[in-house]
Every structure is written in structure tokens, then in C-alpha cells.
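Okay, here's what each chain looks like letter by letter:
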Amino acid sequence: MSRRKLDVDRTRERLLGLGLAHAADQLEPLLSEAVKEGHAPHALIDALLDAEHQAREGRRVRTALRLSSLPNGQTLADFDFAFQPAIERSRIDTLATCAYIRAAETILIQGPPGVGKSHLAVGLGVKAVEHGFSAQFYRFDELKLQLKADAHLPPARLRRRKYLNTALLIIDELGFEPMTRDEASLFFRLVTYRYGRGAILITTNKSVRDWTELLAGDEALAAAILDRLLHKAHVLNIKGRSYRLRDLEATLGTTRN
């Protein structure tokens, strides 16, 4: 028994020396299980490597989500598809494979306030991170301020900005306020740079036919932006009820009762 104990300690030290801390932590319980169940040696090795991989992957996902600025607590798993029958779950499941990110395509989610646009966007962002892609979340008013602050940066420095070099850029709540001419030009620069290079996901309360008004009334600029965004786009139109109004109605009903 002492000889076996020494062997286990030596193996643990070697695992730690190789930076496999999680495998080292699971060595003894997995070894005991292997002896008890009569597992083959390669099965034990596979189990140790799996423990290390899962721990590292969990740490990677947590770090990437923190850096992405994605809001917490909104995933596709807890989206209420039954409340929004206009949204085809199969279509969302297809988007969740992240093939659109590999192809540098656009997702445009349109609909009135409260119908779940942001929840879907965040949920797809989480899926992107889980699949190993970088993602960055901005509310449009925040992105607009960042674009203005970076307006005079040289291209070499500009390309290092997260909104340009991330695999998936999520822009939430586009359309609540019209852009000035300068803001619309900066947005055009952003879309032009990412076109064919990186995926964009936009949520908006405006139909595309209203984008000219949104983009400082410039028809040519609106056409140029939409041409790039819609060239390879997945457009989701949500016309259901508001989740927030549903929750408010439930709260009022409970209060009355």
C-alpha cells in the first residue's frame, strides 16, 4: 500500500509539473474508481485528460464571458419560446451552431420593445463563447460613444479595438434615437470594416425600411449600410407580446387577488 501511495504521489507531482492541476486533483478518486470497476489503463488516462479539459474549458468560458460584457443570466435554455410562437426554435438552434460566425454573416433581430430581442442576442452570444469564438456586447448608445472617441485613431490602432477584432459583435437597441451625419458615417465605417471579416448581430425596433430616417436621412448611406448587412443575413421579425408587460400583468393580477 505504501508503494502504491508513493507512486500516486509521484504521478500527482508530475501532473502538477506539467501544469495539469485539475488532473492531479482528480487522480486519486479516478484511480480508486478504476481499480474498483476494473477499468482499463487507457480509460483512466482518458478520464484524467477529460477532467483537465473540462476544468480548463469552464475557466475559458467564464473568462471570455466576463470580457465580452454580455449581461448575466440570459441564455437560450431559459428563453420562453412558447410565449413567442413567431420565433422558430429550430431556426435559433441552427444559429446556435455558430456557422454564421464562421461565414462572417449578419443576424438582424427586429421587433417592438420587450419581445425578447436582447435575450436572444445575449443567448446567441453565450453560445458563441461556448463554441470558442470571441464575442463583444454593446448597447448602441455605448458603441456610439466609443466610435466617436476613436474617430481619429490611425487604422493600425483602430483595428485593435474590440468592436473590430472580435469574431461576433453584438449591437443591442439600435434605433431608439436617430444618428447625426457624423455618427452615421462612423457606423458605416464599422460595418464596412467588418463586412466579410466578422459577424454582426443587431437588435432593433426599426424595420429596415425606416433606416434612412435612422441614418440622418441619408438614403445613399442607408442603402450602402443595408447592402452590406443584408448581403448574407439572417433576419428575425418578432411581432409577439412583451415579456415585461406579461410580467407586469401577472404582478398586478397577484396584487389584486
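Residues numbered from 1 in each chain as written. Predicted model: local features only at pLDDT ≥ 70, side-chain atom pairs only at ≥ 80, totals over all residues. Heavy atoms only, no water.

K.L.:
Quick question: what am I supposed to make of the overall build of the chain here?
P.N.:
The helix and strand inventory of the chain stands at 13 helices and five strands. Along the first, second and third principal axes, the C-alpha atoms of the chain reach 80 × 60 × 30 Å. A burial count over the chain gives 40% of its 257 residues as buried. When contacts within the chain are restricted to residue pairs at least 6 apart in sequence, those whose partners lie at least 24 apart make up 80%. If you average the places of the 38 positive and of the 32 negative side-chain charges in the chain, the two averages end up 4 Å apart. (Helix = DSSP H or I, 4+ residues; strand = E, 2+ residues; numbered from the N terminus. Buried < 20%, exposed > 50% of the residue type's maximum accessible area, 1.4 Å probe, protein only. Contact = heavy atoms within 4.5 Å. Lys, Arg positive; Asp, Glu negative; His and termini not counted. Charge placed at Lys NZ, Arg CZ, Asp CG, Glu CD.)

K.L.:
I tried to follow the layout of surface pockets on my own but got confused; where do I start?
P.N.:
It is the rolling of a water-molecule-sized probe over the atoms that shows where space remains empty. Taken as a whole, the second largest pocket holds about 210 Å³ of empty space. Along the wall of the second largest pocket there are 13 residues; nearest its centre are Thr-11, Leu-27, Leu-31, Leu-44 and Leu-48. Secondary structure elements with two or more residues in the lining of the second largest pocket: α1 (2-17), α2 (21-37) and α3 (41-68). The dominant element in the lining of the second largest pocket, judged by the number of residues it contributes, is α1, at five residues. Of the residues contributing to the lining of the second largest pocket, the split by class is ten nonpolar, one polar and two charged. (1 Å grid on protein atoms, 1.4 Å probe; cavity = no way out; pocket = protein on both sides within 12 Å on 5 of 7 lines; lining within 4 Å. Points joined across faces, edges and corners; volume = space filled by probe spheres on them. Nonpolar A, V, L, I, M, F, W, Y, C, P; charged D, E, K, R; others polar.)

K.L.:
I tried to follow the packing of helix α7 (residues 140-149) against helix α10 (residues 181-194) on my own but got confused; where do I start?
P.N.:
In a packed pair of helices, the relevant descriptors are the angle between the two axes and the axis-to-axis distance. Put simply, α7 and α10 touch, their axes get as near as 10 Å, and they point 90 degrees apart. Between α7 and α10, the interaxial angle falls into the category roughly perpendicular. Mapping the contact onto sequence places Phe-140, Leu-143, Lys-144, Leu-147 and Lys-148 in α7 and Glu-183, Leu-186, Phe-187 and Leu-190 in α10. Class assignment of the residues belonging to the contact of α7 with α10 gives a composition of six nonpolar, no polar and three charged. (Axes fitted to C-alpha atoms, helices over the stretch in contact; angles between N-to-C directions. Parallel < 35°, antiparallel > 145°, perpendicular 65-115°, else oblique.)

K.L.:
Even after reading the chapter, I still don't get the side chain of Arg-194, so can you show me in this structure?
P.N.:
Looking at the element boundaries, Arg-194 is found in helix α10. Asp-150 is the oppositely charged side chain nearest to the buried, salt-bridge-free Arg-194, at an N-O distance of 12 Å. Side-chain polar atoms of Arg-194 contact the backbone oxygen of Leu-164, separated by 3.1 Å. With residues near it in sequence (within four places) discarded, Arg-194 still touches Tyr-163, Leu-164, Asn-165, Thr-166, Ala-167, Leu-168, Leu-169, Ala-199 and Ile-200. (Salt bridge = Lys/Arg side-chain N within 4 Å of Asp/Glu carboxyl O. Polar contact = N/O pair within 3.5 Å; in protein donor to acceptor, adjacent residues only side chain to side chain.)

K.L.:
Would you take a moment to explain the sheet that holds strand β4 (residues 199-204) for this structure?
P.N.:
Paired through their backbone hydrogen bonds, the strands of a sheet run either parallel or antiparallel. Strands sit in the order β2-β3-β4-β1-β5 across an open sheet of five strands; the sheet is parallel. Across the chains shown, the open sheet's two edge strands, defined by having one partner strand only, are β2 (135-139) and β5 (233-237). Put simply, the sheet's adjacent strands are angled 10 degrees from each other on average, direction ignored. Taken together, the five bridges between strand β3 (residues 168-174) and β4 define a ladder with parallel strand orientation. For Leu-174, the partnering residue across the bridge sits in β4 and is Thr-204. Across the sheet, helix α12 (residues 219-231) lies against β1 (106-110), β4 and β5, angled at about 95 degrees from β5, the strand it touches most. (Pairing = 2+ DSSP bridges.)

K.L.:
What is the right way to look at the packing of α3 against helix α6 (residues 117-130) in this model?
P.N.:
Between α3 and α6, whose axes approach to 9 Å, the crossing angle comes to 140 degrees. Taken together, α3 and α6 sit at an angle that is classed as oblique. In this structure, α3 meets α6 at a crossing whose hand is right-handed. Packed against α3, whose contacting residues are Glu-57, Arg-60, Val-61, Ala-64 and Leu-65, the element α6 presents Val-126, Val-129 and Glu-130 at the interface. (Left-handed = near helix turned anticlockwise from the far one by under 90°.)

K.L.:
Explanation requested: a negative patch on the surface in the structure shown.
P.N.:
The grouping of Asp-141, Glu-142, Glu-173 and Glu-177 at the surface amounts to a negative patch. Secondary-structure assignment places Glu-177 in the loop between β3 and α10. (Patch = residues over 30% accessible without salt bridge, like charges linked within 9 Å, V, L, I, M, F, W, Y side chains within 5 Å. Areas by Shrake-Rupley, 256 points an atom, 1.4 Å probe, with all protein chains shown as cover.)

K.L.:
When you look at α3 in this model, what are you seeing that I'm missing?
P.N.:
Since the α-helix packs 3.6 residues into each turn, any two residues three or four apart lie on the same face. For α3, built from 28 residues, the straight-helix expectation of 40 Å at 1.5 Å per residue is met to within 8% by its first-to-last C-alpha distance of 40 Å. Buried residues of α3: Leu-44, Leu-48, Glu-52, Val-61 and Ser-68, and no others. Summarising the contacts, the buried residues of α3 are in contact with α2, α6 and β2. Where α3 ends, the next residue or the one after it, Ser-69, has phi of about 65 degrees, a positive value. (Expected span 1.5 Å × (residues − 1).)

K.L.:
What am I meant to see in the environment of Asp-141 here?
P.N.:
With respect to the helices and strands, Asp-141 occurs in helix α7. The class for Asp-141 is partly exposed, based on a relative accessible area of 48%.

K.L.:
Just to check I follow, could you spell out the nonpolar core for this structure?
P.N.:
Across soluble globular proteins, nonpolar side chains show a tendency to be buried alongside one another. Ile-92, Tyr-100, Ile-101, Leu-120, Leu-124, Leu-168 and Leu-201 are the most contacted members of the largest nonpolar core, which has 31 residues in total. Per-element tally for this core: the top contributor is α6, with seven residues. Apart from residues lying up to four places away in sequence, Leu-201 is in contact with Tyr-100, Ile-107, Ile-109, Ala-121, Leu-124, Leu-168, Leu-169, Ile-170 and Ile-171. With 28 residues, the next largest nonpolar core counts Phe-140, Met-179, Trp-211 and Leu-214 among its residues. (Core = buried A, V, L, I, M, F, W, Y, C linked by side-chain atoms within 4.5 Å.)

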